[in-house]
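Tertiary structure, described
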Amino acid sequence: MIELEGVPELIDPVMVAAFEGWNDAGDAASTAVAHLDREWKGEVFAALDAEDYYDFQVNRPTVWLDGGVRKITWPTTRLSVVRIGGDKPRDLVLVRGIEPSMRWRSFCNEILAFAHELGVEMVVILGALLGDTPHTRPVPVSGVTSDPDLARTMDLEETRYEGPTGIVGILQEACTHAGVPAVSLWAAVPHYVSQPPNPKATLALLNRLEDLLGLRIPLGELPEDARAWQLGVDQLAAEDSEVAEYVQTLEEARDTAELPEASGEAIAREFERYLRRRDVGPGQAPGGHATEIGDASYLRDTSSGRTRPPKPVRPDTGGETGPGSPPTSGPGRQPSADQENEDSAGDDDGPQDSSEESSED
């Protein structure tokens, strides 16, 4: 029995979830939920029992000092709630954690039990996968669902993916079987620069979430971080002629494939987003104020102040199967976007090894 003491009655709540690990290329999805939690000052009201779902040799607890007292933070999944102010206030239930090591059905049932008790109207799960996409172009974000009616009414793709899946795919199917509307938003991360963080992909997910829910999300320093990230990758790619040539090939393929969209639906979405933001000051939105992003741990060029990510992986370096193949990441391998989707960016996930670190509160 779930008891939610101290949680007020929620207004039109939507659950937004992301999980570190296999479904989170470049940490783009988990960083997006962390951004929402930070900008709207979310309050944690529940945490799943770590012993039920995690292998601590895979996701290790961390020890830290609090006023000289040693404490332990266990890897788990936490739920918080944020209220979005404005003329039409509403609530978001944020779920942020690590992909569980075991008992996935029980894990999803527990998440759904919280959703039921809180009166959640829809579940949106964020994910990111590695793909053959150039870092110089807008990040592709696809919205998919298993519900044909939801696909039609919200202009989403009905998933056709078949193959290995992660907790994002399992949770979406669990929602569908429980009669809870569920959507997955997938960002494609360039496989040749897959190291986290990827603020450009995080920003793309948040923009797509704005469009889906009709929200106005305070972005804080994220747009500036995304521009600095791209400039840093531009510089590093320019230093390697093979990588530069490969990026140009991806650009040409992308531009050719998306030329019709550039003149229609994409422009309409950008204009609608502009209209939502035109009366809001930089980094602000009703009900919250932007704060500096504290998770931006990527390298910075101290001479110029520009953010620089790790050097891109050459498309033909050791262990690769060709320019179009994603790099390996530790003992696991992340499939490309083509493997993860047939008609869309995929129902499921660009896998990434589960972090050895615990998630932060």
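Up top you'll find the structure we're talking about.
What counts as what
Numbering of residues starts from 1 in each chain and follows the order in which that chain's sequence is written. The predicted origin of the model limits local features to residues at a pLDDT of at least 70 and limits the giving and counting of side-chain atom pairs to 80 or more, whereas totals for whole chains, interfaces and linings rest on all residues. Side-chain measures were taken over the full set of non-hydrogen atoms in the model, leaving aside hydrogen atoms and water. Simply put, an axis is a line fit to the C-alpha atoms, just over the touching stretch for a helix, and the angle between two N-to-C directions goes from 0 to 180 degrees. Where helices and strands are cited, they refer to DSSP runs of H or I of at least four residues and of E of at least two residues respectively, numbered from the N terminus. Note on terminology: angles under 35 degrees are roughly parallel, angles over 145 are roughly antiparallel, angles of 65 to 115 are roughly perpendicular, and the others are oblique. By the definition used in this description, the sense in which the near helix is turned from the far one sets the handedness, with an anticlockwise turn below a right angle giving left-handed and a clockwise turn giving right-handed. The contact criterion used is simple: two residues touch if any of their non-hydrogen atoms lie within 4.5 Å. The residue classification treats Ala, Val, Leu, Ile, Met, Phe, Trp, Tyr, Cys and Pro as nonpolar and Asp, Glu, Lys and Arg as charged. All others, Gly included, are polar. Under the convention used throughout, the expected extent of a helix is 1.5 Å for every residue step, that is, one less than its residue count. With a 1.4 Å probe rolled over the protein chains alone, any residue whose accessible area is under 20% of its type maximum counts as buried; one over 50% counts as exposed, and the rest are partly exposed. The directions considered for the arc run from the helix axis to the C-beta atoms. Should a side-chain nitrogen of Lys or Arg be within 4 Å of a carboxyl oxygen of Asp or Glu, the pair is scored as a salt bridge.

**Here we look at the packing of helix α1 (residues 28-39) against helix α6 (residues 199-213)**
When two helices pack together, you describe them by how their axes are tilted relative to each other and by the distance separating the axes. Running from amino to carboxyl end, α1 crosses α6 at an angle of 60 degrees, the nearest separation of the two axes being 8 Å. Taken together, the axis directions place α1 and α6 in an arrangement best described as oblique. Judged by the sense of rotation from one axis to the other, the crossing of α1 with α6 is right-handed. Across from Ala28, Ala29, Thr31, Ala32, His35 and Leu36 in α1, the residues of α6 making contact are Ala201, Thr202, Leu205, Leu206 and Leu209. Of the residues contributing to the contact of α1 with α6, the split by class is eight nonpolar, three polar and no charged.

**What to know about the packing of helix α3 (residues 104-118) against helix α5 (residues 167-177)**
The interhelical angle for the contact between α3 and α5, taken along N-to-C directions, is 55 degrees, at an axis separation of 10 Å. Classed by the angle they form, the pair α3 and α5 counts as oblique. Pair α3 / α5 crosses with right-handed handedness. From α3, Trp104, Phe107, Cys108, Ile111 and Leu112 reach across to α5, where they touch Ile167, Ile170, Leu171, Ala174 and Cys175.

**Describing α3**
Owing to its 3.6 residues per turn, the α-helix brings residues three or four apart onto one side. Here α3 is 15 residues long and its end C-alpha atoms lie 21 Å apart, about the 21 Å a rise of 1.5 Å per residue gives. Listed in full, the buried residues belonging to α3 are Phe107, Cys108, Ile111, Leu112, Phe114, Ala115 and Leu118. Angular distribution of buried residues about the axis of α3 spans 150 degrees; they occupy a single face of the element. Opposite the buried face of α3, at more than 90 degrees from it, the exposed residues are Arg105 and His116. Looking at the buried positions of α3, the neighbouring elements they touch are β1 (14-20), β2 (43-47), α2 (50-53), β5 (78-84), β6 (90-98) and α5. Positive phi shows up at glycine 119, right after α3, with a value of about 75 degrees.

**Examining the pattern of salt bridges**
Following the criterion strictly, the structure yields six salt bridges and no others. Among the salt bridges present, the one from aspartate 91 reaches arginine 83, with a minimum N-O distance of 2.8 Å. Taking the relative accessible area as the measure of exposure, aspartate 91 reaches 2% and is therefore buried. Among the ionic pairs, arginine 160 bridges to glutamate 158, the shortest N-O distance being 3.8 Å.

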